[in-house]
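# An overview of the molecular structure
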Amino acid sequence: MKNNPYMTISEFAKLTGIKRVNLIFYDKIGLLVPEHRGTNDYRYYTRRQLGSAYLIASLRELGIGIEEIKHYASGRSPEQMISLFQIKEEKIQAEICLLYTYPSQRDS
């Protein structure tokens, strides 16, 4: 295994914490495509892809949608990351405002 540059989807899933079914989905939509496909049609990943996988997992954990991540991943830059976080912050602030105004409207 030391000389093999590829990891199976199960090994990659274990390392990244991303469920196997999600990795298959990410492959289908072009978000995280395996480095290699075997003749058996199995998906194989490399260590170089770990950074992308961790980024996707982190952004998903923050509640950022797949389409937003896909858009960001197509042209990653610090400016795009800042923009992504600003959009997320605006959404969170809007939700907070709704939570604060909802009880007072109900009491009226």
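Data block above holds the structure.
What comes next concerns the included structure. Each chain carries its own residue numbering, running from 1 in the direction its sequence is written. Only residues with pLDDT of at least 70 get local features here, since the model is predicted, and only at 80 or more are side-chain atom pairs given and counted; chain-wide, interface and lining totals rely on the full set of residues. Calculation of side-chain values draws on the structure's entire complement of heavy atoms; hydrogens and water are dropped beforehand.

Time to look at the overall build of the protein chain. The way it works is that DSSP assigns letters per residue, a run of H or I at least four long becomes a helix, a run of E at least two long becomes a strand, and they are numbered from the N terminus. Within the protein chain one finds 5 helices and 3 strands. Ordered by position from the N terminus, the helices and strands of the protein chain form the series β-α-α-β-β-α-α-α. What the globule rule says is 2.2 Å times the number of residues to the power 0.38, and the radius of gyration is computed from C-alpha atoms. The globule rule puts the C-alpha radius of gyration for 108 residues at 13 Å, and the 19 Å found for the protein chain is more than 25% above it. Principal-axis analysis of the C-alpha atoms gives the protein chain an extent of 70 × 30 × 25 Å. Relative accessibility thresholds used throughout: buried, under 20% of the residue-type maximum; exposed, over 50%; partly exposed, between the two (1.4 Å probe, protein chains only). In the protein chain, which comprises 108 residues, the proportion classed as buried is 29%. Taking all contacts inside the protein chain whose residues are at least 6 apart in sequence as the whole, residues at least 24 apart take part in 46%. Summed over all atoms, the accessible surface of the protein chain reaches about 7,800 Å², with 55% contributed by carbon and sulfur. A contact between two residues is defined here by any heavy atoms of the two lying within 4.5 Å. Shrake-Rupley sampling with a 1.4 Å probe provides the accessible areas, and residues are treated as covered by the protein chains on show and by no other component.

This next bit is on a nonpolar patch on the surface. A contiguous nonpolar surface patch, about 320 Å² in accessible area, is contributed by Ile92, Ile96 and Tyr100. Summarising the element assignment, Tyr100 is placed in helix H5 (residues 78–107). Relative accessible area serves as the criterion here: at 67%, Tyr100 is assigned to the exposed category. The patches described consist of residues with a relative accessible area above 30% and no salt bridge, like charges being joined within 9 Å and nonpolar side chains (Val, Leu, Ile, Met, Phe, Trp, Tyr) within 5 Å. What counts as a salt bridge is simple: a side-chain nitrogen of Lys or Arg found within 4 Å of a carboxyl oxygen of Asp or Glu.

A separate point is the packing of aromatic side chains. Side-chain rings of Phe, Tyr and Trp (the six-membered ring for Trp) are treated as a pair once their centres are within 6.5 Å; stacked means planes under 30 degrees apart, edge-to-face means over 60, and tilted covers the remaining angles. Taken as a whole and assessed by the stated rule, the structure comprises 3 aromatic pairs. Plain terms: the ring middles of Tyr6 and Tyr44 are 6.3 Å apart, the flat faces sit at 55° to each other, and that makes the pair tilted. Highlighted residues: Tyr6 in the segment before strand S1 (7–8) and Tyr44 in strand S3 (residues 43–45), separated in sequence by 38 residues.

Here we take up the environment of Ser77. Structurally, Ser77 is set in the loop between helix H4 (66–73) and H5. A sequence separation of 33 residues divides Ser77 from Tyr44, and the C-alpha atoms of the two residues are 27 Å apart.

Looking now at H4. Along H4, the positions that sit buried rather than exposed are Ile66, Ile69 and Tyr72. One side of H4 holds all its buried residues, which, seen down the axis, span an arc of 125°. The outward face of H4, more than 90 degrees from its buried face, is lined by the exposed residues Glu67 and His71. By arc we mean the arc of the directions from the helix axis to the C-beta atoms, nothing more.

Formed by 22 residues in total, the largest nonpolar core has its most connected members in Phe12, Leu23, Tyr26, Leu32 and Leu59. Put simply, the parts of the chain that give this core at least two residues each are helix H1 (9–16), helix H2 (20–29), helix H3 (50–61), H4 and H5. If one sorts the elements of this core by residue count, H3 sits on top with 5 residues. Excluding anything up to four places from it in sequence, Tyr26 contacts Ile18, Leu31, Leu32, Ile56, Arg60 and Ile66. Among the buried residues, those of types Ala, Val, Leu, Ile, Met, Phe, Trp, Tyr and Cys that are joined through side-chain atoms within 4.5 Å form a nonpolar core.

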